[in-house]
Amino acid sequence: MDGDSLSQRASALSRRRFLVVLGGATATAAGCGNGNPMTDGGDASPPEDATPGDAPEDTAAEDTPPGDGGGMCMGLGNDIMAVGDLAQGQFVLIDRGTIKLIMARDARGIYCLSARCTHTGCIVPAHDAAGFSSCPCHFSRFDRDGRVQPGSRAVRDLPNFLVTLCNNRIYVNRGEEVPLGTRVPLP
Ligand code: FES
């Protein structure tokens, strides 16, 4: 293969990769909510077979279709959203199939909490301006780091999942928890 052919092939591959990235971004945007379970289509009710203290956990760590066309970000978990779509001070409810998460960003970086209440598994909304999320089922409250507040029926904090930034996108590994308060600083 001569130099011109190699160059044409590289250009075609580059175009294909760009289209794959665009497709991934569209699918992700469709899965992002505004933090309101009433308008997000979020299921705020507890699972039918749920019992107190038996909340289902976000433990699946399967990969979503990779936003980078199967390259360097494979194996990092679920491709959740673009870094640029999460503003500082923002909390966003992600309600996409079995993926129920709250993505957040503050001055120290990006992090991710499970959106499943640790009481019986209702989906909690994104945090309010004061930095609290109140479960719609029995009103357990969690602070911005996921710490359960006194007086709540839940007794456990919201799990904080491992976040990795790759190719300007946010990946979450729901099979791996990190200490509350962990942040991923922006480069
Ligand atoms: S499910 Fe009971 S307080 Fe959240």
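Scoring rules and cut-offs
- Residues numbered from 1 in each chain as written.
- Predicted model: local features only at pLDDT ≥ 70, side-chain atom pairs only at ≥ 80, totals over all residues.
- Helix = DSSP H or I, 4+ residues; strand = E, 2+ residues; numbered from the N terminus.
- Buried ≥ 20, exposed ≤ 12 C-beta atoms within 10 Å, placed from the backbone.
- Contact = placed C-beta atoms within 7 Å.
- Pairing = 2+ DSSP bridges.
- Axes fitted to C-alpha atoms, helices over the stretch in contact; angles between N-to-C directions.

Some thoughts on the overall build of the chain
Counting secondary structure elements, the chain contains two helices and eight strands. The linear arrangement of helices and strands in the chain, starting from the amino end, is α-α-β-β-β-β-β-β-β-β. For the chain, the proportion of its 187 residues judged to be buried stands at 33%. When contacts within the chain are restricted to residue pairs at least 6 apart in sequence, long-range pairs at least 24 apart make up 57% of them.

Overview of the pairing of strand 3 (residues 99-106)
Consecutive residues of a regular strand have side chains that alternate between opposite faces of the sheet. Within strand 3, six of the eight residues are buried, which leaves the element mostly enclosed by the surrounding structure. As defined by bridge partners, strand 2 (residues 91-96) adjoins strand 3 across six bridges and the pair is classed as antiparallel. If you follow Val92 over to strand 3, its bridge partner there is Met103. Between strand 2 and strand 3, which pair antiparallel and follow one another directly, the connecting turn spans two residues, one of which, Gly97, has a positive phi of 60 degrees. Hairpin connection of strand 3 to strand 4 (residues 109-114): two residues between the antiparallel strands.

A short note on the sheet that holds strand 3
Spatially, 2-3-4 is the arrangement adopted by the three strands of the open sheet, whose pairing is antiparallel. Every other strand in the sheet has two partners, leaving strand 2 and strand 4 as the edge strands with one partner each. Between one strand and the next, the sheet's axes are offset by a mean angle of 25 degrees, whatever the strand orientation.

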